[in-house]
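The lines below spell out each chain.
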Amino acid sequence: MLDSIKKMFSGDEDVAVSTTGKPDISREKSAELYAKAKTFFPGGVNSPVRAFKSVYGTPLFIKKGDGCRLWDADDNEFIDFCCSWGPLILGHNHPKVKDKVIEVMQNGMSFGAPTALENELAELILKNNKFIEKLRFVSSGTEAVMSAIRLARGYTKRDKILKFEGCYHGHSDSLLVKAGSGLVTFGETSSAGVPKSFADETIVIGLNDVDALNKAFADFKGQIAAIIIEPIPANNGLLLQSKEYLQTLRDVCTANGALLIFDEVISGFRVGFEGAAGHYQIKPDIITYGKIIGGGLPVGMYGASAEIMGHVSPDGGVYQAGTLSGNPVAMAAGIAQLTELLKSSFYKDLNNKTQEFVDAIQRFATARSYKFKVFSIGSIFWFAFTDKASISNADEIDPASMEKFKVMHRELINRGIYFGPSGYEVGFISSAHNKIDLEKTKRAIFDSLDLVFKK
Ligand SMILES: Cc1ncc(COP(=O)(O)O)c(C=O)c1O
Ligand SMILES: N[C@H](C=O)CCC(=O)O
């Protein structure tokens, strides 16, 4: 099975898929850049999913973004639903974010010393989030999660962590086991190079499976430091969980002296200012955030109660550090972006706009009896080639359905619509997408679906 999936997605040659719609856009300059990039970087990229390995053609090299639009090296214009994988909730180059970054940059880029900007961003977050009392800024989502795991282990004095199949938490060793994102896209869900002894400390169970959860806590009694979950799992499709299930995780952790970690690197500040914790009104012990708090610059953070955060160095024994942590330019972008998100009706407008968009697409597909569902929450959505009413577990996704996404992706690119190059990744809508952009996108999606299902 794995081999056939790998074969399906293996090459640049892509002979299996032929467009029946519009002619392919020119990718001449992107192809030149890609050829050169391959001499510099493994696979020609600096993050694997960018390599267009599971969709048609050369990766598009982007030269500019503005509002909800992107332009590639060949001057093709796209409406962007990848939004840099989530952080650009205000769209590209938002004037408030850009101006603040330029203003702060005039005073230097990095000091390796505290600045008032870190206080300002922390205050903005903590004043508006009842789930955490103290936080630490880092430089990526991976770092945030890796540090949260270390904190949970240091706090509980236990080694094992429990994660869920399909959830992606960045690329630190103990979490690259049965993970989503680029790993599931390439058909190999665990990474080479992770020592078996590390992987042995990670217990993996399926989402939405209470029996497996109880069994894990019985089998490893007193050994589990934390459960880590994407409360809105969005790296292996969108595997929405019920509030009851998330509450069960909370209760099991409390009963067993383990910590509950919500990895909100995608859902944080996306489904609401308080993320999934606020959406479901469930209090985890540690929360990790990334993406949106940097406004497009590299930032992450983890936060918890003052008591738990008191275990982080130099107050406590859990060491964690970073030369560029709290970088002033990134803090400035975050301050400007989060200030916009706090404006009244920001999330209501964004979420309503997304709901109308996905409802229209679903109505179209249902009217034509296509095996196609749009799952969504807030301004996150995912196209699933299925007739299931809901999908809450990675096992429920048919890997062969990704062949349909591959056709759709090519058709959308040819119609000026950009989605992340993997059928396992979700799409995002920003405040910069207006009605006309979404109308144009809907028409392109309708045409593409007709072509996908005609095949
Ligand atoms: C839920 C989740 N956690 C962690 C990460 C890692 O973040 P980063 O890519 O910024 O290291 C990602 C995305 O990449 C993510 O989606
Ligand atoms: N799914 C990932 C983040 O959410 C994609 C980003 C990457 O790995 O480059």
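Just so it is clear, the structure is predicted and the values come from calculations on it, not from any experiment. (Residues numbered from 1 in each chain as written. Chains lettered and ligands numbered in written order. Predicted model: local features only at pLDDT ≥ 70, side-chain atom pairs only at ≥ 80, totals over all residues. Heavy atoms only, no water.)

### Remarks on the sheet that holds strand S14 (residues 427-428)
Next up, step 1: With antiparallel pairing, three strands are arranged side by side in an open sheet as S11-S12-S14. Lying at the two open borders of the sheet, with one neighbouring strand each, are strand S11 (373-377) and S14.
Next up, step 2: In the sheet, strand S12 (residues 380-384) pairs with S14 via two bridges, with the strands oriented antiparallel. Bridge pairing in S14 places Phe381 opposite Gly427.
Next up, step 3: Contacts from helix H13 (residues 346-367) reach S11 and S12, with the element oriented near 165° to S11. (Pairing = 2+ DSSP bridges. Helix = DSSP H or I, 4+ residues; strand = E, 2+ residues; numbered from the N terminus. Contact = heavy atoms within 4.5 Å. Axes fitted to C-alpha atoms, helices over the stretch in contact; angles between N-to-C directions.)

### Regarding the domain arrangement of the chain
Next up, step 1: One can read the domain layout of the chain as domain 1 (2-92 + 349-454) and domain 2 (95-341).
Next up, step 2: Taken together, the contact pairs 35 residues of domain 1 with 35 residues of domain 2.
Next up, step 3: Approximately 2800 Å² of surface area, both sides summed, lies buried where domain 1 meets domain 2, with 63% of it carried by carbon and sulfur atoms.
Next up, step 4: When the area that domain 1 buries against domain 2 is broken down by residue, the three leading residues are Ile377, Ser392 and Tyr424, summing to 22%.
Next up, step 5: For the interface between domain 1 and domain 2, the tally reads zero salt bridges.
Next up, step 6: Linking domain 1 to domain 2 there are 11 residue pairs in polar contact (both at pLDDT 80 or more).
Next up, step 7: Sorting the residues of the side of domain 1 that touches domain 2 by element identifies helix H1 (2-8), H13, S11 and S12 as the ones contributing at least two each.
Next up, step 8: Here the residues of the side of domain 1 that touches domain 2 are counted per class, giving 22 nonpolar, nine polar and four charged. (Domains from an automatic or database assignment. Buried area = accessible area lost by both parts, 1.4 Å probe. Salt bridge = Lys/Arg side-chain N within 4 Å of Asp/Glu carboxyl O. Polar contact = N/O pair within 3.5 Å; in protein donor to acceptor, adjacent residues only side chain to side chain. Nonpolar A, V, L, I, M, F, W, Y, C, P; charged D, E, K, R; others polar.)

### Observations regarding the site of ligand 1
Next up, step 1: Residues in contact with ligand 1, as listed here, are Ser140, Gly141, Thr142, Tyr168, His169, Gly170, Glu230, Asn235, Asp263, Val265, Ile266 and Lys291.
Next up, step 2: Between ligand 1 and Thr142 there is a distance of 2.6 Å, counted from an oxygen atom to a side-chain nitrogen or oxygen.
Next up, step 3: Between an oxygen atom of ligand 1 and a side-chain N or O atom of Asn235, the distance comes to 2.9 Å.
Next up, step 4: For ligand 1, whose free accessible area comes to 380 Å², the fraction covered by protein is 82%. (Near = heavy atom within 4 Å. Areas by Shrake-Rupley, 256 points an atom, 1.4 Å probe, with all protein chains shown as cover.)

### Here we look at the site of ligand 2
Next up, step 1: Ser47, Val49, Trp85, Ser181, Asn235, Ile266, Lys291 and Glu425 make up every residue found near ligand 2.
Next up, step 2: At 2.6 Å, a side-chain N or O of Ser47 approaches an oxygen atom of ligand 2.
Next up, step 3: Contact with the protein chains hides 86% of the accessible area of ligand 2, taken as 280 Å² for the molecule alone.
Next up, step 4: Here the residues of the shell around ligand 2 sort into three nonpolar, three polar and two charged.
Next up, step 5: Each of domain 1 (2-92 + 349-454) and domain 2 (95-341) gives at least three residues to the shell around ligand 2.

### Topic: helix H3 (residues 95-105)
Next up, step 1: When we look at burial in H3, the residues that qualify are Val97, Lys100, Val101 and Val104. Buried residues of H3 fall within an arc of 100° about the axis and therefore sit on the same side.
Next up, step 2: Residues of H3 that are buried make contact with helix H4 (116-127) and helix H12 (328-341). (Buried < 20%, exposed > 50% of the residue type's maximum accessible area, 1.4 Å probe, protein only. Arc of directions from axis to C-beta.)

### So, the pattern of salt bridges
Should their charged atoms come close, side chains of opposite charge can pair.
Next up, step 1: With the rule as written, the count across this model stands at 16 salt bridges.
Next up, step 2: The salt bridge involving Arg410 is made with Asp24; its shortest N-O contact spans 2.8 Å. Highlighted residues: Arg410 in helix H14 (residues 402-414) and Asp24 in the loop between H1 and helix H2 (28-40), separated in sequence by 386 residues.
Next up, step 3: Residue class for Asp24 comes out partly exposed when judged on its relative accessible area of 30%.
Next up, step 4: Of the charged contacts, one joins Glu439 and Lys442 as a salt bridge, the two residues approaching to 2.8 Å between their closest N and O atoms. Within this pair, Glu439 and its partner Lys442 are both found in helix H15 (residues 435-454), separated by three residues, close to a single helical turn.
Next up, step 5: One continuous salt-bridge network, built from bridges that share partners, spans Arg69, Glu77 and Asp437.

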